[in-house]
Amino acid sequence: DAEDAGQGYEAANLVREIKLDLFSTRMLDGKKFTARQIVGYILKYTIDMAKAIAEKKLINNKVEHVVISVPAGFTNNEKNIILEAATSPVSKGGAGLRKTQVSFIKEPVAAALSYHNDSMKDHVKALVYDFGGGTCDIALVESDLNTREKYNVLRSEMTRVGGKDYDERLMAYITREIEKKTGKSMKGDAYQEKIKRAAIKAKHDLSNKDISGNYVKQVRATVEVEGLTHVIRLSRETFDELTSDLFQKTINTLNKVIKDAKAFDVDRIICVGGSCNMPSVIEGLKREYPDKQIQVYEPANAIVKGGAIYAEGHKEVVDIAPYSYGIRLYRNYDKDPNDEIIRNVIFKNDPLPAHGEINAYTIIENQSGLIYRVFENEEPDVRFQYNDRYGPEVMKIELKLPPVSPKGTQTIVGLKLDKNGLLQIDARDLNGNKVHSQITLNYNK
């Protein structure tokens, strides 16, 4: 509905794929909105809609818990922005929930729960390939119905490639073809909005079948510019050539999960997400994995069904840390003040909840406090040399120390990643001074 309404004047107020740009600010109708506010409005609308449906069915319309599905590789900062949107007061553009009412689940994990729930088989490894609008998320989830934790996430990965990237490739192609015909630049927002709609329609048309049951081989993208209608012919072959590298990125991510989890015995790949409707995706998967069954499983509904299952019994799932988390420390400050390392405390793929502690020491006499900076990274090592490519910094706290603290005063810093994959930090010295989760979030990319 928003896409259909987002034409002409309203095109300027149409926001797409906001979850992929949570650090942005948008101008809508001359007013400035943060991504957090926009997400808050969406969540509030969704909650109100759920209440209305419950009321119509004459059941309790009180919302007790909300499960929010997110891409598998969402960062701590991204999840915290969504959490803020969910828990901010309605008067400030939020959904007005309490933190205890909100849970997160990775989208491919939700799809795996839905698949497991339908199959009801034990000790099955569901390898989910979730190819959506903005990301391709992979998760390997094993069922173990004889334990309290019935589902174990063995591995999960994400690449930021999705249907929107396919749209952009088509947009660029259509733009070039029209510019060749007209000799006029099509770079303006008004032109690009029309071209985007034509590109999305062409992508969908190429995913349809003709009356013979075969996929359409050629379509026409129609764009009206200043009273003239331009028709660009587009074949499936051209479309596949334009996007082959995007698909390969998803295969690289899938291969990483299989290799890291040593999941060579998995016999099928479960495909969900709207981008799996493109025939080039399923055909490509069959070429890449001829020995595995490629099964399209409720592309549009699997994630939301899995979220509902999770809401009923979320204690039954053991997820894993999407990243490693470490503290930045000085290695030998007296000799080289620039010699810094990241000392990881929690490691990627650790079962959640995860926690750990390390010691940190003051580096000068009478140091008034220590600032602990936490970095999110992909490193499997306990410690590694810090440089600018390791990031982002996701959190920091400061521990105040007594006025007279000798150099080398010991402190203990702890990190905890809760069941939602959200980070907490605390620190204390040996005299009982402590600080807990007085968090300064860093929303920079």
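This text follows the structure it describes.
Residue numbers here run from 1 along each chain, matching the order of that chain's written sequence. Per-residue local features of the predicted model are confined to residues with pLDDT of at least 70, and side-chain atom pairs are confined, for both listing and counting, to 80 or more; whole-chain, interface and lining totals are unaffected and use all residues. Side-chain measures here rest on the full set of heavy atoms in the structure, leaving out hydrogens and waters.

Things to note about the pattern of salt bridges
In plain terms, the rule: Throughout this description, the term salt bridge denotes a Lys or Arg side-chain nitrogen within 4 Å of a carboxyl oxygen of Asp or Glu. Only DSSP runs of H or I covering at least 4 residues are called helices, and only runs of E covering at least 2 are called strands; the numbering of each starts at the N terminus. Here the term buried applies to any residue with accessible area under 20% of the maximum for its type, exposed to any over 50%, and partly exposed to those in between, with areas from a 1.4 Å probe on protein chains only.
Evaluation of the coordinates by the stated rule reveals 26 salt bridges. Ionic pairing is found between E107 and K19, a salt bridge with its closest N-O pair at 2.8 Å. Within this pair, whereas E107 is found in helix α4 (residues 107–119), its partner K19 is found in the loop between α1 (2–5) and β1 (25–28), the two being separated by 88 residues in sequence. E107 sits in the buried class, given a relative accessible area of 7%. Across the pair D265 and K125 runs a salt bridge whose closest N-O atoms are separated by 3.7 Å. Separated by 140 residues along the polypeptide, D265 in the loop between α7 (236–260) and β10 (268–272) and K125 in strand β5 (residues 125–131) bring together distant segments of the chain. A single network of salt bridges, built from pairs that share partners, joins E157, K256, D260, K348 and E378.

Here's the deal with the sheet that holds strand β21 (residues 434–436)
Stated precisely, the cut-off is as follows: We treat two strands as partners when DSSP finds at least two bridges between them. Axes here mean lines fitted to C-alpha atoms, for a helix over just the part in contact, with angles spanning 0 to 180 degrees between N-to-C directions.
Taken in spatial order, the four strands of this open sheet run β15-β19-β20-β21, and their pairing is antiparallel. Of all strands in the sheet, those bounded by a partner on one side alone are β15 (354–361) and β21. Going from strand to strand, the sheet's axes swing by 15° on average, the running direction of each strand aside.

Digging into the packing of helix α2 (residues 35–56) against helix α3 (residues 76–87)
For clarity, the threshold we go by: Oblique is the label for every angle not falling under 35 degrees (roughly parallel), over 145 degrees (roughly antiparallel), or within 65 to 115 degrees (roughly perpendicular). By convention the crossing between two helices is left-handed if the near helix lies anticlockwise of the far one by an angle smaller than a right angle, and right-handed if it lies clockwise. Contacts: residue pairs with any heavy atoms within 4.5 Å of one another.
In the contact formed by α2 and α3, the axes pass within 8 Å of each other and the chain directions differ by 55°. Judged by the inter-axis angle, α2 sits oblique to α3. Pair α2 / α3 crosses with right-handed handedness. For the pair formed by α2 and α3, the contact residues are R36, V39, G40 and L43 on the first element and I81, I82, E84, A85 and A86 on the second.

Let's talk about the side chain of T243
Topologically, T243 is positioned in helix α7. A residue is classified by how much of its surface remains accessible, and T243, at 2% relative accessible area, is buried. Setting aside anything within four residues of it in sequence, one finds T243 in contact with Y166 and R169.

Overview of the packing of α7 against helix α8 (residues 279–288)
This is how it is decided: Side-chain classes follow a simple rule in which Ala, Val, Leu, Ile, Met, Phe, Trp, Tyr, Cys and Pro form the nonpolar group, Asp, Glu, Lys and Arg form the charged group, and the remainder, Gly included, forms the polar group.
The N-to-C vectors of α7 and α8 enclose an angle of 55°; their axes lie 10 Å apart at closest approach. As the angle between them shows, α7 and α8 are arranged oblique. Note on packing geometry: the crossing formed by α7 with α8 is right-handed. From α7, R236, D240, F247, Q248, I251 and L254 reach across to α8, where they touch P279, S280, V281, E283, G284, L285 and E288. Along the lines of polarity and charge, the residues of the contact of α7 with α8 split into six nonpolar, three polar and four charged.

Digging into the sheet that holds β5
Spatial ordering of the open sheet is given by β11-β10-β5-β6-β7-β12, a layout of six strands whose pairing is mixed. Every other strand in the sheet has two partners, leaving β11 (293–296) and β12 (317–318) as the edge strands with one partner each. In this sheet, β12 lies alongside strand β7 (residues 151–159) in parallel orientation, the contact comprising two bridges. Bridge pairing links N152 to V318 in β12. In this fold α8 packs onto β5, β10 and β11, with an angle of close to 160° to the strand it touches most, β11.

Things to note about empty space enclosed by the protein
The line we're drawing: As defined here, a cavity is a set of points on a 1 Å grid over the protein atoms alone where a 1.4 Å probe fits but cannot get out. A pocket is an open set with protein on both sides within 12 Å along at least five of seven lines, and residues line them when an atom is within 4 Å of a point. Grid points are joined across faces, edges and corners, and a volume is the space filled by probe spheres set on the points.
According to the stated counting rule, one finds three cavities of 30 Å³ or more in the structure shown. The calculated volume of the largest cavity comes to roughly 100 Å³. Looking at the largest cavity, it is lined by 15 residues, and the ones nearest its centre are K79, K106, D319, N420 and G421. A breakdown of the residues in the lining of the largest cavity according to their chemical character gives nine nonpolar, two polar and four charged.

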